[in-house]
Amino acid sequence: MRQKIRSTTVLCVRRDNKTVMAGDGQVTLGHEVLKSSARKLRRLYNEKILAGFAGSTADAFALFTRFEAKLEQFNGNLSRAVVELAKDWRTDKMLRHLEALLLVADSKSIFIVSGNGDVIEPDEAAAAIGSGGPFAMAAATALLRNTKLNARQVTEQSMQIAAKICIYTNDSFAFEELS
């Protein structure tokens, strides 16, 4: 039986014209932490798009490359690029087998993109993926609804909460911000 590599909490929060994305650094195989400082976030399309991944690293890099090409093709139009990526991901023989999720954002929108052809724009001003995603998302939603914290503070606090609950999430966070 093949052991599953588990890892990742990636969270994106938007508030007051700021978009902040964070990713933890842990990669786990079975009961072992293989790496604690993995980089799961990228800035794309002239630093205007944030992207984070959950799942297989090699698959995520393949998706980042394909996604960057879509952003170039559609002049940085995020919504068009994610729809076209999802179409390709679902129909292309090679891409179809990739095991990853992407969380992407610009200064106005956040999307979750999956290999099933899903392009989800969340109702809230936050979205999360990965094993710790539900914990980070719950914390971010509560903080957005009940505090005046800025986007960075909400993201930091939510990631700290996820790291305390999810055994596949550590507190070695990387952050990317857009204004």
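Now for a description of the structure that goes with this document. In this text the structure is predicted, and so the values were computed from the model without any measurement.

**Observations regarding the overall build of the chain**
A tally of regular secondary structure across the chain gives four helices and twelve strands. In terms of overall dimensions, the chain has C-alpha extents of about 45 × 40 × 25 Å along its principal axes. Residues classed as buried in the chain amount to 50% of the 179 residues present. Of all intrachain contacts in the chain linking residues separated by at least 6 positions in sequence, the fraction that spans at least 24 positions is 60%.

**Focus: a nonpolar patch on the surface**
A cluster of nonpolar side chains, namely Phe135, Ile161 and Ile165, defines an oily patch on the protein surface of about 240 Å² accessible area. Secondary-structure assignment places isoleucine 161 in helix 4 (residues 151–165). On the accessibility criterion, isoleucine 161 (35% relative accessible area) is partly exposed.

**A word on the sheet that holds strand 12 (residues 174–178)**
Read across the open sheet, the four strands follow the order 11-2-3-12; overall the sheet is antiparallel. Each having just a single partner strand, strand 11 (126–130) and strand 12 make up the two edges of the open sheet. Neighbour to neighbour, the strand axes of the sheet diverge by 10° on average, direction disregarded. Examined bridge by bridge, strand 3 (residues 18–23) and strand 12 share five bridges and lie antiparallel to one another. Counterpart to valine 20 in the pairing with strand 12 is glutamate 177. Sheet contacts for helix 3 (residues 133–146): strand 2 (9–15) and strand 11; angle to strand 2, the most-contacted strand, approximately 20°. Lying on the sheet, helix 4 is in contact with strand 2, strand 3 and strand 12; it crosses strand 2 at an angle near 155°.

Thresholds, definitions, all that
Residues numbered from 1 in each chain as written. Predicted model: local features only at pLDDT ≥ 70, side-chain atom pairs only at ≥ 80, totals over all residues. Heavy atoms only, no water. Helix = DSSP H or I, 4+ residues; strand = E, 2+ residues; numbered from the N terminus. Buried < 20%, exposed > 50% of the residue type's maximum accessible area, 1.4 Å probe, protein only. Contact = heavy atoms within 4.5 Å. Patch = residues over 30% accessible without salt bridge, like charges linked within 9 Å, V, L, I, M, F, W, Y side chains within 5 Å. Areas by Shrake-Rupley, 256 points an atom, 1.4 Å probe, with all protein chains shown as cover. Salt bridge = Lys/Arg side-chain N within 4 Å of Asp/Glu carboxyl O. Pairing = 2+ DSSP bridges. Axes fitted to C-alpha atoms, helices over the stretch in contact; angles between N-to-C directions.

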